Amino acid sequence: MKTTCEIMVQKVLPAIRAELSRVMIFEHGCTQQDVADILELSRAAVSQYVSEKRGAEVDFSEETQNEIRKFAAVLLNGGLSSQEKVKGMCSICCFVQKSGWLYKNEPEAKACIICKDMNEK
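Residues numbered from 1 in each chain as written. Predicted model: local features only at pLDDT ≥ 70, side-chain atom pairs only at ≥ 80, totals over all residues. Heavy atoms only, no water.

- Where an unreviewed UniProt entry is consulted, the chain appears under the name HTH cro/C1-type domain-containing protein, with the organism given as Methanosarcina acetivorans.

Here you go:
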């Protein structure tokens, strides 16, 4: 049995980073280094996200992709602290959980009480 958090860390968060990287590069014209600096990752990691060597296991709904695009725009406006960036990633992660993606694609997953409490606030 895998917990919700394990699945989210192993599959969903890399997919969010991959989608953010692609949006910032292909829709906003950023370089891989720009994206690496914004997401506080290495340029090599961004390269792997863009080339689908990482984070390619998840197909997000159009609604989730729109949420990721909105967050990319916020990130590109700059001025966010590392803590605010983490909060934004958590918000998208919670959006994915609320969308039902997890239980459709990972029916063995068990709900995390901590995440459930955070989603209700």
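What to know about the packing of aromatic side chains
Then, number 1: Tallying each qualifying case throughout the model produces zero aromatic pairs.
Then, number 2: Positioned above the aromatic ring of Tyr49 is the side chain of Arg54, whose terminal nitrogen or guanidinium carbon lies 5.4 Å from the ring centre. (Phe/Tyr/Trp six-rings, centres within 6.5 Å; stacked < 30°, edge-to-face > 60°. Lys NZ or Arg CZ within 6 Å of the ring centre and 35° of its normal.)

Structural notes on unusual backbone geometry
What you tend to see is this: most non-glycine residues have negative phi, and most peptide bonds are trans.
Then, number 1: Phi at Glu40 takes a positive value of approximately 60 degrees, unusual for a residue other than glycine.
Then, number 2: By the secondary structure assignment, Glu40 is in the loop between helix H2 (32–39) and helix H3 (43–50). (Helix = DSSP H or I, 4+ residues; strand = E, 2+ residues; numbered from the N terminus.)

Describing the side chain of Thr64
Then, number 1: Looking at the secondary structure, you find Thr64 in helix H4 (residues 62–77).
Then, number 2: In terms of polar contacts, Thr64 uses its side chain to reach the side chain of Ser61, at 3.1 Å.
Then, number 3: Each residue touching Thr64, except ones within four places of it in the same chain, is listed here: Phe95 and Val96. (Polar contact = N/O pair within 3.5 Å; in protein donor to acceptor, adjacent residues only side chain to side chain. Contact = heavy atoms within 4.5 Å.)

Re the layout of surface pockets
Then, number 1: Quantified by volume, the largest pocket comes out at close to 250 Å³.
Then, number 2: Considering the residues around the largest pocket, the lining is formed by 14 residues, among which Arg17, Leu39, Lys85, Val86 and Met89 are closest to the centre.
Then, number 3: Those elements that place two or more of their residues in the lining of the largest pocket are helix H1 (4–27), H2, H4 and helix H5 (82–99).
Then, number 4: With six residues, the top contributor of residues to the lining of the largest pocket is H5.
Then, number 5: The residue inventory of the lining of the largest pocket, partitioned by class, reads 10 nonpolar, one polar and three charged. (1 Å grid on protein atoms, 1.4 Å probe; cavity = no way out; pocket = protein on both sides within 12 Å on 5 of 7 lines; lining within 4 Å. Points joined across faces, edges and corners; volume = space filled by probe spheres on them. Nonpolar A, V, L, I, M, F, W, Y, C, P; charged D, E, K, R; others polar.)

Structural notes on H2
Residues lying three or four places apart along an α-helix face the same way, a consequence of the helix completing one turn every 3.6 residues.
Then, number 1: Taken together, the buried positions of H2 are occupied by Val35, Ala36, Ile38 and Leu39. Here the buried residues of H2 occupy an arc of 165 degrees about the axis, which is enough to place them on one side.
Then, number 2: Check the buried side of H2 and you find it contacts H1, H3, H4 and H5.
Then, number 3: At the C-terminal side of H2, Glu40 shows a positive phi close to 60 degrees. (Buried < 20%, exposed > 50% of the residue type's maximum accessible area, 1.4 Å probe, protein only. Arc of directions from axis to C-beta.)

Considerations on the pattern of salt bridges
Then, number 1: Following the criterion strictly, the structure yields five salt bridges and no others.
Then, number 2: Residue Glu19 is joined to Arg22 by a salt bridge in which the shortest nitrogen-to-oxygen separation is 3.1 Å. Of this pair, Glu19 and Arg22 both sit in helix H1, three residues apart, roughly one helical turn. Taken individually, Glu19 and Arg22 each receive the classification buried, so the pair is uniform in this respect.
Then, number 3: Two residues, Arg69 and Glu27, come together in a salt bridge whose shortest N-O distance is 3.2 Å. Placement of Arg69 in helix H4 and of Glu27 in helix H1 is noted, with a sequence separation of 42 residues between them.
Then, number 4: Judged by its relative accessible area of 25%, Arg69 falls in the partly exposed class.
Then, number 5: Here the salt bridges share partners, and the residues they tie into one network are Glu27, Glu62 and Arg69. (Salt bridge = Lys/Arg side-chain N within 4 Å of Asp/Glu carboxyl O.)

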